Amino acid sequence: MRKLFLFTAVFICAGCTLLAAAAAKPKIIAFGKSMSVKLFVGPTEDKTVDMKVRPLMVDAKIKEFTTGEPHEVTDRLFVVRRSFRVNNNLPVEEDAPVGQRKQPKWMWQRGGWLLVDRTTARISQINLPDFDPFYSEASWFRDYVAYCGVSDNAEKLFVVVTQLGRKKPILRRELGPATQGELPDADCAAPVWERQPNRVTFQPKKGEPISFTVRGHAADSAPGSDDD
(Lines give C-alpha, C1' and ligand atoms only; values in the text may rest on other atoms or scores of the structure.)
Protein backbone atom coordinates (compact mmCIF):
# COMPACT_ATOMS: atom_id res chain seq x y z
CA MET A 1 0.00 0.00 0.00
CA ARG A 2 2.82 2.35 0.87
CA LYS A 3 4.59 1.56 -2.39
CA LEU A 4 1.41 2.29 -4.33
CA PHE A 5 1.05 5.63 -2.54
CA LEU A 6 4.65 6.58 -3.32
CA PHE A 7 4.24 5.58 -6.96
CA THR A 8 1.06 7.65 -7.25
CA ALA A 9 2.73 10.68 -5.66
CA VAL A 10 5.72 10.43 -8.00
CA PHE A 11 3.39 10.08 -11.01
CA ILE A 12 1.39 13.17 -9.98
CA CYS A 13 4.54 15.22 -9.38
CA ALA A 14 5.91 14.21 -12.77
CA GLY A 15 2.64 15.24 -14.39
CA CYS A 16 2.72 18.59 -12.62
CA THR A 17 6.29 19.15 -13.80
CA LEU A 18 5.33 18.44 -17.41
CA LEU A 19 2.32 20.76 -17.20
CA ALA A 20 4.43 23.51 -15.68
CA ALA A 21 7.03 23.13 -18.42
CA ALA A 22 4.33 23.26 -21.09
CA ALA A 23 2.77 26.35 -19.51
CA ALA A 24 6.12 28.09 -19.31
CA LYS A 25 6.88 27.52 -22.99
CA PRO A 26 7.12 30.97 -24.58
CA LYS A 27 4.82 31.79 -27.48
CA ILE A 28 6.41 32.92 -30.74
CA ILE A 29 5.10 36.20 -32.17
CA ALA A 30 6.06 36.98 -35.76
CA PHE A 31 4.93 38.83 -38.88
CA GLY A 32 4.27 36.94 -42.08
CA LYS A 33 5.15 37.86 -45.65
CA SER A 34 3.99 41.27 -46.85
CA MET A 35 1.54 41.46 -49.75
CA SER A 36 0.13 44.33 -51.79
CA VAL A 37 -3.65 44.90 -51.78
CA LYS A 38 -6.03 47.63 -52.93
CA LEU A 39 -7.64 50.15 -50.60
CA PHE A 40 -10.81 51.61 -52.15
CA VAL A 41 -11.16 55.38 -51.71
CA GLY A 42 -13.48 58.17 -52.77
CA PRO A 43 -17.18 58.76 -52.07
CA THR A 44 -18.21 56.01 -54.48
CA GLU A 45 -15.18 53.81 -53.77
CA ASP A 46 -14.32 53.81 -57.46
CA LYS A 47 -10.63 54.58 -56.93
CA THR A 48 -7.90 52.53 -55.30
CA VAL A 49 -4.52 53.08 -53.69
CA ASP A 50 -1.95 50.42 -52.92
CA MET A 51 -1.65 49.19 -49.36
CA LYS A 52 0.82 46.71 -47.88
CA VAL A 53 -0.56 44.19 -45.38
CA ARG A 54 0.99 41.27 -43.55
CA PRO A 55 -0.30 38.74 -41.04
CA LEU A 56 0.47 38.88 -37.33
CA MET A 57 1.03 35.32 -36.15
CA VAL A 58 1.28 33.59 -32.78
CA ASP A 59 2.91 30.14 -32.89
CA ALA A 60 2.59 30.17 -36.71
CA LYS A 61 -1.18 30.80 -36.53
CA ILE A 62 -2.62 33.97 -38.07
CA LYS A 63 -4.33 36.13 -35.44
CA GLU A 64 -4.70 39.47 -37.26
CA PHE A 65 -3.67 41.29 -40.43
CA THR A 66 -1.70 44.52 -40.08
CA THR A 67 -0.48 47.42 -42.15
CA GLY A 68 2.50 49.72 -41.63
CA GLU A 69 5.43 49.31 -39.27
CA PRO A 70 5.05 48.44 -35.57
CA HIS A 71 6.12 50.83 -32.81
CA GLU A 72 8.03 49.39 -29.87
CA VAL A 73 6.58 50.91 -26.72
CA THR A 74 8.67 48.87 -24.25
CA ASP A 75 10.79 45.73 -24.51
CA ARG A 76 7.57 43.84 -23.77
CA LEU A 77 4.85 45.81 -25.57
CA PHE A 78 4.47 47.02 -29.14
CA VAL A 79 1.64 48.54 -31.18
CA VAL A 80 0.74 48.00 -34.82
CA ARG A 81 -2.12 49.09 -37.03
CA ARG A 82 -4.82 46.56 -37.87
CA SER A 83 -6.15 45.83 -41.36
CA PHE A 84 -9.04 43.55 -42.26
CA ARG A 85 -11.35 42.40 -45.05
CA VAL A 86 -15.10 42.96 -45.25
CA ASN A 87 -17.62 41.15 -47.45
CA ASN A 88 -18.95 43.60 -50.08
CA ASN A 89 -21.77 41.34 -51.35
CA LEU A 90 -25.33 42.67 -51.41
CA PRO A 91 -28.07 40.80 -49.48
CA VAL A 92 -29.66 39.57 -52.74
CA GLU A 93 -26.35 37.98 -53.63
CA GLU A 94 -26.14 36.31 -50.23
CA ASP A 95 -29.74 35.02 -50.36
CA ALA A 96 -29.58 33.55 -53.87
CA PRO A 97 -30.37 29.82 -54.27
CA VAL A 98 -27.57 27.39 -53.57
CA GLY A 99 -25.40 27.12 -56.64
CA GLN A 100 -26.15 30.69 -57.70
CA ARG A 101 -24.61 32.44 -54.73
CA LYS A 102 -21.57 34.51 -55.50
CA GLN A 103 -18.32 34.20 -53.67
CA PRO A 104 -17.69 37.00 -51.15
CA LYS A 105 -16.25 40.17 -52.65
CA TRP A 106 -13.58 40.94 -50.08
CA MET A 107 -12.54 44.57 -49.63
CA TRP A 108 -9.53 45.56 -47.54
CA GLN A 109 -9.89 48.32 -44.99
CA ARG A 110 -7.68 49.98 -42.39
CA GLY A 111 -8.64 49.58 -38.76
CA GLY A 112 -7.49 50.93 -35.44
CA TRP A 113 -4.36 50.02 -33.46
CA LEU A 114 -3.47 46.79 -31.69
CA LEU A 115 -1.46 46.40 -28.48
CA VAL A 116 0.65 43.23 -28.42
CA ASP A 117 2.26 41.76 -25.29
CA ARG A 118 5.32 39.70 -26.22
CA THR A 119 5.33 37.86 -22.88
CA THR A 120 1.75 36.59 -22.91
CA ALA A 121 1.06 36.90 -26.67
CA ARG A 122 -2.10 38.82 -25.79
CA ILE A 123 -3.44 41.00 -28.60
CA SER A 124 -5.94 43.73 -27.72
CA GLN A 125 -7.48 46.66 -29.56
CA ILE A 126 -6.63 50.16 -28.33
CA ASN A 127 -9.46 52.62 -27.82
CA LEU A 128 -8.37 55.93 -29.38
CA PRO A 129 -10.88 58.80 -28.93
CA ASP A 130 -12.15 60.34 -32.21
CA PHE A 131 -9.79 58.12 -34.22
CA ASP A 132 -11.10 57.66 -37.77
CA PRO A 133 -9.86 54.42 -39.39
CA PHE A 134 -9.77 56.06 -42.82
CA TYR A 135 -8.64 59.65 -42.22
CA SER A 136 -6.53 59.57 -39.04
CA GLU A 137 -2.76 59.22 -39.46
CA ALA A 138 -1.26 58.33 -36.08
CA SER A 139 2.28 59.11 -34.93
CA TRP A 140 3.74 57.33 -31.86
CA PHE A 141 6.39 58.48 -29.39
CA ARG A 142 7.06 56.38 -26.28
CA ASP A 143 3.55 55.51 -25.02
CA TYR A 144 2.00 58.65 -26.52
CA VAL A 145 0.11 58.79 -29.82
CA ALA A 146 -0.91 61.91 -31.74
CA TYR A 147 -3.36 62.17 -34.63
CA CYS A 148 -6.10 64.29 -36.16
CA GLY A 149 -9.44 62.91 -35.03
CA VAL A 150 -12.87 63.28 -36.62
CA SER A 151 -16.18 63.85 -34.79
CA ASP A 152 -18.94 61.25 -34.88
CA ASN A 153 -20.89 63.25 -37.47
CA ALA A 154 -17.71 63.61 -39.60
CA GLU A 155 -18.01 67.41 -39.58
CA LYS A 156 -15.31 68.52 -37.11
CA LEU A 157 -11.57 67.94 -36.98
CA PHE A 158 -9.65 67.64 -33.69
CA VAL A 159 -6.00 67.45 -32.68
CA VAL A 160 -5.64 64.60 -30.20
CA VAL A 161 -2.82 63.31 -28.00
CA THR A 162 -3.49 60.33 -25.78
CA GLN A 163 -1.44 57.94 -23.69
CA LEU A 164 -1.68 54.18 -23.35
CA GLY A 165 -3.61 53.16 -20.26
CA ARG A 166 -5.58 56.39 -20.00
CA LYS A 167 -9.29 56.55 -20.82
CA LYS A 168 -9.33 60.27 -21.66
CA PRO A 169 -6.95 62.08 -24.04
CA ILE A 170 -4.42 64.45 -22.55
CA LEU A 171 -5.11 66.84 -25.44
CA ARG A 172 -8.27 67.27 -27.51
CA ARG A 173 -8.81 70.56 -29.29
CA GLU A 174 -11.03 71.47 -32.21
CA LEU A 175 -9.06 72.35 -35.33
CA GLY A 176 -11.82 73.20 -37.79
CA PRO A 177 -14.17 71.52 -40.25
CA ALA A 178 -13.35 68.11 -41.69
CA THR A 179 -13.20 68.02 -45.48
CA GLN A 180 -13.88 64.29 -45.97
CA GLY A 181 -11.55 64.14 -48.96
CA GLU A 182 -10.79 61.10 -51.08
CA LEU A 183 -7.41 60.18 -49.59
CA PRO A 184 -6.61 59.07 -46.02
CA ASP A 185 -4.45 62.14 -45.31
CA ALA A 186 -6.94 64.60 -46.80
CA ASP A 187 -7.08 66.76 -43.67
CA CYS A 188 -3.77 66.19 -41.83
CA ALA A 189 -0.41 64.65 -42.41
CA ALA A 190 1.04 62.47 -39.67
CA PRO A 191 2.11 64.64 -36.67
CA VAL A 192 5.82 65.12 -36.00
CA TRP A 193 7.40 64.49 -32.57
CA GLU A 194 10.48 66.14 -31.03
CA ARG A 195 12.45 65.55 -27.82
CA GLN A 196 13.80 67.89 -25.12
CA PRO A 197 11.23 69.14 -24.62
CA ASN A 198 8.74 66.53 -25.74
CA ARG A 199 6.78 68.33 -28.42
CA VAL A 200 4.34 67.33 -31.16
CA THR A 201 3.47 69.38 -34.24
CA PHE A 202 0.23 68.86 -36.15
CA GLN A 203 0.22 69.62 -39.86
CA PRO A 204 -3.30 70.39 -41.14
CA LYS A 205 -3.63 70.64 -44.92
CA LYS A 206 -5.64 73.85 -44.50
CA GLY A 207 -3.97 76.11 -41.96
CA GLU A 208 -0.63 76.62 -40.23
CA PRO A 209 1.22 73.95 -38.22
CA ILE A 210 0.35 73.93 -34.52
CA SER A 211 2.64 72.61 -31.76
CA PHE A 212 2.10 71.38 -28.21
CA THR A 213 4.53 70.49 -25.44
CA VAL A 214 3.67 67.24 -23.66
CA ARG A 215 4.52 66.93 -19.97
CA GLY A 216 3.43 63.78 -18.18
CA HIS A 217 -0.35 63.59 -18.46
CA ALA A 218 -0.86 67.10 -19.88
CA ALA A 219 -0.14 69.10 -23.02
CA ASP A 220 0.34 72.87 -23.44
CA SER A 221 0.68 75.12 -26.45
CA ALA A 222 4.35 75.30 -27.35
CA PRO A 223 6.12 78.70 -27.42
CA GLY A 224 5.94 80.22 -30.85
CA SER A 225 2.92 78.16 -31.84
CA ASP A 226 0.15 79.72 -33.90
CA ASP A 227 -2.42 78.35 -31.46
CA ASP A 228 -4.62 81.05 -29.95
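Let me begin by describing the structure that accompanies this report.

What counts, and at which threshold
Residues numbered from 1 in each chain as written. Predicted model: local features only at pLDDT ≥ 70, side-chain atom pairs only at ≥ 80, totals over all residues. Heavy atoms only, no water. Disulfide = S-S within 2.5 Å. Helix = DSSP H or I, 4+ residues; strand = E, 2+ residues; numbered from the N terminus. Buried < 20%, exposed > 50% of the residue type's maximum accessible area, 1.4 Å probe, protein only. Pairing = 2+ DSSP bridges. Axes fitted to C-alpha atoms, helices over the stretch in contact; angles between N-to-C directions. Salt bridge = Lys/Arg side-chain N within 4 Å of Asp/Glu carboxyl O.

Per the stated rule, a full pass over the model turns up 1 disulfide. The disulfide that involves C148 links it to C188, with 2.3 Å between the sulfurs. Across the S-S bond linking C148 and C188, the dihedral sits near -80 degrees, which makes this disulfide left-handed. With C148 in strand β9 (residues 144-150) and C188 in strand β12 (residues 188-194), the pair connects residues that are 40 residues apart, well separated along the chain. Both residues of the pair, C148 and C188, count as buried.

The next thing to look at is the pairing of β12. Pairing of β12 with strand β13 (residues 199-204) involves 5 bridges; the strand directions are antiparallel. Residue V192 lies in a different strand from β13, and its bridge partner there is T201.

Turning next to the sheet that holds strand β15 (residues 218-221). Taken in spatial order, the 4 strands line up as β12-β13-β14-β15 in an open sheet, and their pairing is antiparallel. At either margin of the open sheet sits one strand with a lone partner, and together these are β12 and β15. Strand-to-strand, the axes of this sheet are offset by a mean angle of 25 degrees, without reference to chain direction.

This part takes up the pattern of salt bridges. On inspection of all chains with the given rule, the structure shows 8 salt bridges. K38 is the salt-bridge partner of D50, the closest N and O atoms lying 2.6 Å from each other. Here D50 is found in strand β3 (residues 47-58), whereas its partner K38 is found in strand β2 (residues 35-41), with 12 residues between them in sequence. Given a relative accessible area of 55%, D50 falls into the exposed group. Owing to a relative accessible area of 44%, K38 belongs among the partly exposed residues under this scheme. E64 is the partner of R82 in a salt bridge, and the nearest nitrogen-oxygen pair spans 2.8 Å. Placement of the pair is R82 in strand β5 (residues 77-87) and E64 in strand β4 (residues 61-72), with a sequence separation of 18 residues.

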